[in-house]
Amino acid sequence: MQPTDISNPDYFHKVVDCQWACPAHTPVPEYIRLIAARRYTDAYMINWESNVFPGILGRTCDRPCEPACRRGRVEEQPVAICRLKRVAADYKSDIAARLPKVPKRKNGRRIALVGAGPASLTVARDLLPLGYEIVVFDRDGAAGGAMRTQIPRFRLPAKVLEEELHYILDMGVECRFGSAVSSMRALLAEDFDAVFVGTGAPLGKTLQLPGHEAAATNVHTGIEWLASVAFEHIDSIGEKVIVLGGGNTAMDCCRSSKRLGGKDVKVVVRSGFDEMKASPWEIEDAINEDIPIVNFCVPKRYLIENGKLTGMEFEKVRREYDSDGRRLLVPTGEEPLILPCDDVLCAIGQENSFPWIERDLGIEFDRWQLPVLDKTSFQSTHEKVFFGGDAALGPDNIITAVAHGHAAALSIHLFCQGRNVNDRPADLSTLSSEKMGIHQWSYDNDISHDQRYAVPHAAKEQTLNDINVEVELGFDEALAHAETLRCLNCDVQTVFAAPSCIECDACVDICPTDCITFTANGEEAELRERLLAPAGNLEQDLYVSNPLGTGRIMAKNEDLCLHCGLCAERCPTAAWDMQKFLFNPAKAVNA
């Protein structure tokens, strides 16, 4: 193998697995250390620079960082990264003085944002400090997009939502709420230098089964029903409710129904429990609220009596696989399952909808009616039009929309300067020693053996009676501090200097995970197998040194390293050093 090029930012970025997995690349260990030091405002601002909505995401994020967490490789549960983000938001002080300054003198460029969801607001947050005039259009009467309309208040309190939205809106956004854009042609004819489309995936799917016409009044589309609840157009539902679907929207629908009068609320899913798309913690919360989940049942028809919906009929199926490994749902032959109901909520998927974009403007769409985009710049086939969030690549999550917003804002800035949108500035990274003494580091390298701490919940008797009462109470400061100590500081890297190594193997002897091996070089596949601890995770690179005095190399299994610093403490020649790696993706301000 060739020696590892640690000057390439991607190498150590991949080792910080949580940050690498985060679409916005939030520097997770950095803000967790600040929380451990009770520097909550500093931790919040680091989050705000990356993910823009720390208080919102600290409650609602899909947490792609947590399955990647290195703690999950040595214990059953990863660090509660998402809930620690909320800690920074809950305990921060006033941040007004730390927000970026918006120049009074503008740069002469006007940008239209269609939709006021997380992607559009991220674009506004990045471009306003650069002097752009931002005009946002939204059909709803308030900002937030899916954060407002699809996330119930018992998960995301209105106070938190409004606070974080207004950090951006109050920077000087011109808001045209209650103003749906009906024509892209007309918008392009206005005096805008670029248009960003962040309208989400606004169409929910429903099931047109036999009996639907008679049942239509009581068959609701999940996301539209949640929006009506959010805007208080709906405040009740029937006592018997069936929710169709196994995603997070289904979980929000069933839990909201329970709070609006539903006494017998069931979730019915075509697939198995293990195939449900909802986040495990969302499923757990629904089950804890005594909502049963019925699996392997395919809806067949609505049952009508005297012109009124009375129930649904389901066919029972089992899971099989064909010769190509594709999953099949095969009828079991059992009697149909009949479930009585007063209302049905369909949470079976969402679709994009662009009827307002004329098809002769040079904006191309694929066969799924998604815009044809450059996946790096998010520029469409019309040079002035950019997309982001669910509107760009289909339904996903808030943190992905934020990442799209950062990328699109950089592209818009380059475009407005007359530059190539793919001529992007380099990402920013630093690597600095944490050494304070021979055996002292400026970070806490004691490895905690604690299991993940549970987040306290409000009493069920209280939360089920008021849809606005937040269920999760969040960590208090003591629990938060204990949870921060579970972080393994994966951004503090073990950096090896081959010229200083005397091959004494002291680091090998003391390494608690046997992740360091001194051996002859070889092809990667073969070398991975003969390390002291074989490196089976091909997604994690090996750290390979230049040849040493004996001709051997040092090969380190990054997958197992705990970043404890024992190798650097034990090394008599300081060939090992603990160096903090900090990575920040390029944004518009850097261009």
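Just so you know, these numbers come straight off a predicted model, no measurement behind them.

S.K.: For this particular structure, what's the right way to read the sheet that holds strand 7 (residues 240–244)?
M.R.: Pairing between the strands of a sheet is mediated by backbone hydrogen bonds and can be parallel or antiparallel. If you walk across this open sheet you meet the 5 strands as 6-14-7-8-9, and the pairing is parallel. Taken across any chain shown, the strands that pair with only one partner, and hence form the sheet edges, are strand 6 (219–221) and strand 9 (293–294). Against the sheet, helix 15 (residues 248–259) engages strand 7, strand 8 (264–268) and strand 14 (343–346), with an angle of about 170° to strand 8.

S.K.: Quick question: what am I supposed to make of the side chain of His382 here?
M.R.: Residue position: His382 is located in the loop between strand 15 (350–351) and strand 16 (385–387). Residue classification places His382 among the buried residues on the basis of a relative accessible area of 17%. Beyond its immediate chain neighbours, meaning those up to four positions away, His382 contacts Leu188, Leu361, Gly362 and Ile363.

S.K.: Would you take a moment to explain the domain arrangement of the chain for this structure?
M.R.: In many reports, interface size means the accessible area that the parts give up when they come together. Partitioning the chain into domains gives domain 1 (9–97 + 444–484), domain 2 (99–202 + 352–416), domain 3 (204–349) and domain 4 (492–581). If you average the C-alpha positions of domain 2 and of domain 4, the two centres end up 46 Å apart.

S.K.: Before we go on, may I ask you to explain the sheet that holds strand 16 in this structure?
M.R.: A sheet is described by the order of its strands in space; here 5 strands give the open sequence 3-2-1-4-16, paired in parallel fashion. In this open sheet, the two edge strands, each paired with only one partner strand, are strand 3 (174–177) and strand 16. Neighbour-to-neighbour, the strand axes of this sheet turn through a mean angle of 20°, independent of strand direction. Where strand 4 (residues 194–197) meets strand 16, 3 bridges bridge the pair, whose relative direction is parallel. Residue pairing across strands places Val195 opposite Val385, the latter belonging to strand 16. This element, helix 9 (residues 118–127), spans strand 1 (110–114), strand 2 (133–138) and strand 4 of the sheet and lies at about 160° to strand 1.

S.K.: Can you walk me through the pattern of salt bridges in this structure?
M.R.: Under the criterion given, the structure shown has 48 salt bridges. The residue Lys580 makes a salt bridge to Glu30 at a minimum N-O spacing of 3.4 Å. With Lys580 in strand 24 (residues 576–584) and Glu30 in helix 3 (residues 28–36), this residue pair connects regions lying 550 residues apart in the sequence. A relative accessible area of 13% places Glu30 in the buried class. As a salt-bridge pair, Arg552 and Glu503 come within 3.1 Å of each other at their nearest N and O atoms. Of this pair, Arg552 sits in the loop between strand 22 (542–544) and strand 23 (553–557) while Glu503 sits in the loop between strand 20 (492–496) and helix 21 (506–510), placing them 49 residues apart in sequence. On the accessibility criterion, Arg552 (25% relative accessible area) is partly exposed. Judged by relative accessible area, Glu503 falls into the buried class, the value being 14%.

S.K.: What am I meant to see in helix 4 (residues 40–51) here?
M.R.: In an α-helix, one full turn covers 3.6 residues, which means residues spaced three or four apart are oriented alike. With 12 residues, helix 4 should reach 16 Å at 1.5 Å per residue; the first-to-last C-alpha distance of 16 Å fits that figure. Of all 12 residues that make up helix 4, 9 are buried, and the element is covered over most of its length. Along helix 4, the positions that sit buried rather than exposed are Tyr40, Thr41, Ala43, Tyr44, Met45, Asn47, Trp48, Ser50 and Asn51. At the exit of helix 4 stands Val52, carrying a positive phi of roughly 70°.

S.K.: Looking at this model, I keep getting lost on the packing of aromatic side chains. Mind explaining?
M.R.: One pair of aromatic rings is described through two measures. These are the centre distance and the angle between the planes. For the coordinates displayed, the defined rule picks out 12 aromatic pairs. Judged by centre distance (6.2 Å) and plane angle (80°), the ring pair of Phe137 and Phe192 falls under edge-to-face. Of this pair, Phe137 sits in strand 2 while Phe192 is found in the loop between helix 12 (184–189) and strand 4, placing the two residues 55 residues apart along the sequence. For the pair Phe137 and Phe192, a shared accessibility class is recorded, and that class is buried. Between Phe386 and Phe415, the aromatic rings sit 6.1 Å apart at their centres with planes inclined by 65°, giving edge-to-face as the arrangement. Taken together, the positions of Phe386 in strand 16 and Phe415 in helix 18 (residues 398–416) put the pair 29 residues apart, joining distant regions of the chain. The same class applies to Phe386 and to Phe415, which are both buried. Taken together, the ring pairs in this structure connect Tyr11, Phe12, Tyr543, Phe581 and Phe583 into an aromatic cluster. It is Arg63 that lies over the ring of Trp281; its NZ or CZ is 3.7 Å from the centre. Above the face of the Phe365 ring, Arg359 is positioned so that its terminal group lies 4.0 Å from the ring centre.

Cut-offs used in this document
- Residues numbered from 1 in each chain as written.
- Predicted model: local features only at pLDDT ≥ 70, side-chain atom pairs only at ≥ 80, totals over all residues.
- Heavy atoms only, no water.
- Pairing = 2+ DSSP bridges.
- Helix = DSSP H or I, 4+ residues; strand = E, 2+ residues; numbered from the N terminus.
- Contact = heavy atoms within 4.5 Å.
- Axes fitted to C-alpha atoms, helices over the stretch in contact; angles between N-to-C directions.
- Buried < 20%, exposed > 50% of the residue type's maximum accessible area, 1.4 Å probe, protein only.
- Domains from an automatic or database assignment.
- Salt bridge = Lys/Arg side-chain N within 4 Å of Asp/Glu carboxyl O.
- Expected span 1.5 Å × (residues − 1).
- Phe/Tyr/Trp six-rings, centres within 6.5 Å; stacked < 30°, edge-to-face > 60°.
- Lys NZ or Arg CZ within 6 Å of the ring centre and 35° of its normal.

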